[in-house]
Amino acid sequence: MGFGASGSATKESGFLCIRPRRLARQCLRCFAPCCNLALDCVDVALRVIGPLFVLLALTLICFVMYTFFTVLIPYRADSGTASIQLLLEMALGCFLLVNIFYNYAMATCLSPGEPPDFPGEVLESKDAELGGDYAPAPKQCHKCLKLKPPRAHHCSVCKRCVLKMDHHCPWINNCVGFNNYRYFCLFMLFLAMGCLYYAFLGYSLFLQTMVPARKRTVRLKFEDVQCVTLSWLISVCIFCALCLLGGFHMYLVLTNQTTIEFHLNMAGRQIARKRGEVHRNPYDLGMSRNFQQVFGPNRFLGFLWLLPYVARRPTSSGLEYPTVSDFRA
Ligand SMILES: [Zn+2]
Ligand SMILES: [Zn+2]
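Analysis parameters
Residues numbered from 1 in each chain as written. Chains lettered and ligands numbered in written order. Predicted model: local features only at pLDDT ≥ 70, side-chain atom pairs only at ≥ 80, totals over all residues. Heavy atoms only, no water. UniProt positions renumbered as here; feature names shortened; annotations may be inferred. Helix = DSSP H or I, 4+ residues; strand = E, 2+ residues; numbered from the N terminus. Contact = heavy atoms within 4.5 Å. Donors = N, O, S within 2.8 Å, 3.2 Å for Na, K, Ca; no water. Tetrahedral: all angles 85-135°; square planar, octahedral: opposite > 155°, others 65-115°. Buried < 20%, exposed > 50% of the residue type's maximum accessible area, 1.4 Å probe, protein only. Patch = residues over 30% accessible without salt bridge, like charges linked within 9 Å, V, L, I, M, F, W, Y side chains within 5 Å. Areas by Shrake-Rupley, 256 points an atom, 1.4 Å probe, with all protein chains shown as cover. Salt bridge = Lys/Arg side-chain N within 4 Å of Asp/Glu carboxyl O. Lys, Arg positive; Asp, Glu negative; His and termini not counted. Charge placed at Lys NZ, Arg CZ, Asp CG, Glu CD. Expected span 1.5 Å × (residues − 1).

Under the annotation held in an unreviewed UniProt entry, the protein chain carries the name Palmitoyltransferase and is attributed to Symbiodinium natans. One UniProt comment on the protein chain, placed under Sequence similarities (unreviewed entry), says "Belongs to the DHHC palmitoyltransferase family."

And the structure:
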């Protein structure tokens, strides 16, 4: 009797255990089309609002630049800054601006790198000749049907495969990949330096705008006060955001990972830990080699990599990447 009761209880508890899982599976099956539709909508939205993000980014940069040259520099001239120092400040401002716009234009307009067409026919004939064991078959993207080399991923917003894809960035309305990653990083670096520079030079003027007009030591028009306050706050906010994003990308560069690979490696590390194994990023060749894969064969302390129009370009084609095992062999 007791045995029967316990058997029934086991059955009941088993049923209770299985039911939530089955329910979850059924729910997932029901929600999968909705999730796919929502993701498609996000992709379409990113494609539509992409140019608006670019316009917004350029507007913010131009607004701060306008305030720098029309309010801040005249204020510094009036407050007794030496002419030579003023010239140097303007020259440094122009240098930062040129590099911000150059790297932004390159990151936005340059193709991130697309793989070639899938060489299906060639491989089929070679496979046939050599009994099918000729070489491991290359991967083909099932969405755009192109060759999918290592580290390439399909971008659902651009609807194409991208070499060494990092992510799709709405701020440049483009994918960040093999060809434009260094420009993207340098844009963030110069923008952060520009924001810091403006925040530093404009700090005393910003403090003036924070006190009532009658207590100010300089005369400021109402629109100038608004320009200075807004542009200073924009600079500080962008600088803080870039410190986080730029710091993350510097870590990715030095460890030879893309943002996608960072998440894959995290998951791989967790699985390996459960098995008692150690997961290693196969592309991590040491900081110096990792850095040169992105910024070309330029010495870090030579600082030529900061100027991509004169620095040496990365030597890789973007289709193959050396791994740790290549260097051990
Ligand atoms: Zn594809
Ligand atoms: Zn994309």
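**Student:** Just give me the short version of the side chain of E261, but keep the residues and values in it.
**Tutor:** Its place among the elements puts E261 in helix α7 (residues 259–275). Residues within four places of E261 in sequence aside, it is in contact with R151, N256 and Y283.

**Student:** Give a detailed account of the coordination of the zinc ion (ligand 1), specifying residues and quantitative values.
**Tutor:** C141 (SG), C144 (SG), H154 (ND1) and C161 (SG) make up the full set of protein donors to the zinc ion (ligand 1), lying at 2.1 to 2.4 Å. For the zinc ion (ligand 1), the four donor atoms in the first shell make angles of 100 to 119° at the metal, a pattern classed as tetrahedral. Look at C141 and you get buried, because its relative accessible area is 2%. Relative accessible area serves as the criterion here: at 1%, C161 is assigned to the buried category.

**Student:** Just give me the short version of a positive patch on the surface, but keep the residues and values in it.
**Tutor:** A cluster of basic side chains, namely R21, R22, R25 and R29, defines a positive patch on the protein surface. Along the chain, R21 turns up in helix α1 (residues 2–78).

**Student:** An account of unusual backbone geometry is needed here, citing residue identities and associated values.
**Tutor:** Here K164, not a glycine, exhibits a phi torsion of approximately 45°, which is positive. Within the secondary structure layout, K164 lies in the loop between β2 (160–162) and β3 (167–169). Look at K164 and you get buried, because its relative accessible area is 9%.

**Student:** Tell me what's going on with the coordination of the zinc ion (ligand 2), and back it up with residues and numbers.
**Tutor:** For the zinc ion (ligand 2), the protein coordination sphere consists of C155 (SG), C158 (SG), H168 (ND1) and C175 (SG), at 2.2 Å. Metal-centred angles of 98 to 119° between the four donor atoms at the zinc ion (ligand 2) mark the site as tetrahedral. One chain supplies every donor for the zinc ion (ligand 2), spaced along it as C-x2-C-x9-H-x6-C. One end of the pair, C155, is in strand β1 (residues 153–155); the other, C175, is in strand β4 (residues 174–176), and 20 residues separate them in sequence.

**Student:** Could you give an account of the UniProt feature "transmembrane region" (unreviewed entry) in the protein chain, naming the residues involved and the relevant values?
**Tutor:** According to UniProt, the feature "transmembrane region" (unreviewed entry) maps to residues 52–74, 86–105, 181–206 and 227–252 in the numbering used here. Here residues 52–74 is 100% helix and 0% strand, with 32 Å between the C-alpha atoms at its ends. What you have in residues 181–206 is 96% helix and 0% strand, and the ends, taken at the C-alpha atoms, are 35 Å apart.

**Student:** Break down helix α2 (residues 83–109) for me, citing the residues and quoting the values.
**Tutor:** Given a rise of 1.5 Å per residue, 27 residues ought to cover 39 Å, and the 38 Å separating the end C-alpha atoms of α2 matches this to within 8%. Buried residues of α2: L86, E89, G93, L96, L97, N99, I100, N103, Y104, A107 and T108, and no others.

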